[in-house]
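Results of the structural survey
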Amino acid sequence: MIINTLKTVYQLLTLCTKQHELRVNLDNQAISRTHEAKYLGLILDDKLTWAKQCKNAADKGESRLRLMKRITAMKWGATAEVLRHAYRSYIRPVLEYGSGIMVTATDSVLGRLDIVQNKALRIITGSAKSTLILTMQLQAEIESLKDRRKINAVILYERVLRNGSDYWASTLGNTRRLKTQLTFIKATKSIITSLGLNFEIRDPQRDKACPYAILVNLIMSINKSMTPAEELRTVALATIAERYPEPQWIHIYTDGSATEANKNAGAGVYSSLFPLSAPAGANATNFDGEVAAITLALEKITHACAKKIVLLSDSSAALLAIASERPSTNARNFAWRKSIECKREIGNAVDSSPLRYTWE
């Protein structure tokens, strides 16, 4: 891999007010320093105040509020249900992106996001500016962003503990290392205590008879049809990076497509181990092509590459059909099940190397 030094920068995350003079070189070229870096759609400032991220999200939310205002201005009008759906699917995802980690931000920083939601509530309910915010939330059946941030923080806290990383386990004892700012773990533990939650993180029991698992959810709850392509791609890449980090996992991408969606389907497979392609049949549909691609990948997996393997597909319908325990007359499903029987021996022989199927 070749790294472009002109596009590479470094950043120091510190609360110290002293100037740190560092010289970072890459391939004998000096790397410039930045005070704001963008990673997976989140803007990281030097002190992790999340001020720039909240301002950016609030500005995007304000621009999208214009759509709701235009809907209410139409002669045919728009019901509260339509406006509520528009806010939940088009505006709130922008305000809530990465909200779980931002529980360490101050109320003044997070207040920018609350202002945008309050404006949306007035549009949905048609209320005056003097109306209580809680009243509008109850009428529109929309929770406050503060409560949703707490829920997302608890979910993220549990997820990082289940990840099995030694780093998170080592930080549990030292939850307050900063004098002026809470750490994520300290802030989340305070939320858990205030909500009266009591749970223990347990390792999931693995099914010895089934060496594979099928997942059709991302790390964030999104509506694929209503989410912009850029945000959907960011969430998909974040899901892959968090759940199946390389090189621990082997990534195998499968895809199927058909002419006019109902004939001449083909199956394609790509990974660092092998690229494959094959026709699925003259009368094969997109669905048949997707299942054929998964079958093709399974047939190529051998004992030599029996490590942690994940098959990534963009067809949740194919994965759900494969996961069904009911008999299927589809020839490709039958072929897939036969392939699973052949690969079951690999899963049993390598107990610490599971096989995963996920929708991205």
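A quick note: this is a predicted structure, and the numbers were derived from the prediction, not measured. (Residues numbered from 1 in each chain as written. Predicted model: local features only at pLDDT ≥ 70, side-chain atom pairs only at ≥ 80, totals over all residues. Heavy atoms only, no water.)

**Notes on the overall build of the protein chain**
- For the protein chain, the helix and strand inventory stands at 11 helices and 11 strands.
- Counting across all 360 residues of the protein chain, residues that qualify as buried make up 38%.
- Long-range contacts, defined as pairs at least 24 residues apart, comprise 65% of the intrachain contacts of the protein chain with a sequence gap of at least 6.
- About 21700 Å² of surface is accessible on the protein chain, with carbon and sulfur atoms providing 54% of the total. (Helix = DSSP H or I, 4+ residues; strand = E, 2+ residues; numbered from the N terminus. Buried < 20%, exposed > 50% of the residue type's maximum accessible area, 1.4 Å probe, protein only. Contact = heavy atoms within 4.5 Å. Areas by Shrake-Rupley, 256 points an atom, 1.4 Å probe, with all protein chains shown as cover.)

**Notes on the environment of Leu182**
- Relative to the helices and strands, Leu182 resides in the loop between helix H6 (166-171) and helix H7 (184-195).
- Residue classification places Leu182 among the partly exposed residues on the basis of a relative accessible area of 34%.
- Residues Leu182 and Val103, 79 residues apart in the sequence, show an inter-C-alpha distance of 9.2 Å.

**Some points on helix H9 (residues 286-300)**
- Counted at 1.5 Å a residue, the expected span for H9 with its 15 residues is 21 Å, and the 21 Å between its end C-alpha atoms agrees.
- H9 sits mainly inside the fold: 11 of its 15 residues count as buried.
- Within the sequence span of H9, burial applies to Asp288, Gly289, Glu290, Val291, Ala292, Ala293, Ile294, Thr295, Leu296, Ala297 and Leu298. (Expected span 1.5 Å × (residues − 1).)

**Some details on the sheet that holds strand E2 (residues 24-26)**
- Pairing within the open sheet is mixed, and its 3 strands lie in the order E1-E3-E2. Of all strands in the sheet, those bounded by a partner on one side alone are strand E1 (9-10) and E2.
- Note that E1 and strand E3 (residues 29-33) share 2 bridges and pair parallel. Counted as the bridge partner of Tyr10 is Arg33 from E3. (Pairing = 2+ DSSP bridges.)

**A short note on helix H8 (residues 229-243)**
- Along its 15 residues, H8 runs 21 Å from first to last C-alpha, staying within 8% of the 21 Å computed at 1.5 Å per residue.
- Turning to H8, its buried residues are Leu232, Thr234, Val235, Ala236, Ala238, Thr239 and Ile240.

**Regarding the nonpolar core**
- Of all hydrophobic cores here, the largest spans 25 residues; its most connected members are Cys54, Leu65, Met68, Tyr87, Leu95, Leu113 and Ile124.
- Of all the elements in the fold, those that place two or more residues in this core are helix H1 (51-73), helix H2 (80-96), helix H3 (107-125) and helix H4 (133-140).
- In this structure Leu95 touches Ala57, Ala58, Gly61, Tyr87, Leu113, Val116, Gln117 and Leu145, once residues within four positions along its chain are discounted.
- Among the nonpolar cores identified, the runner-up in size contains 19 residues, and Ile250, Ala293, Ile294 and Ile309 belong to it. (Core = buried A, V, L, I, M, F, W, Y, C linked by side-chain atoms within 4.5 Å.)

**Looking at the pattern of salt bridges**
- Under the criterion given, the structure shown has 9 salt bridges.
- The partner of Glu62 in a salt bridge is Lys119, and the shortest N-O contact between them spans 2.8 Å. Highlighted residues: Glu62 in helix H1 and Lys119 in helix H3, separated in sequence by 57 residues.
- Here Glu143 makes a salt bridge to Arg92, at a shortest N to O gap of 3.4 Å. Note that Glu143 is positioned in the loop between H4 and helix H5 (145-162) and Arg92 in helix H2, a separation of 51 residues in sequence.
- By sharing partners, the salt bridges in this structure join Arg92, Glu96, Glu143 and Arg148 into a single network. (Salt bridge = Lys/Arg side-chain N within 4 Å of Asp/Glu carboxyl O.)

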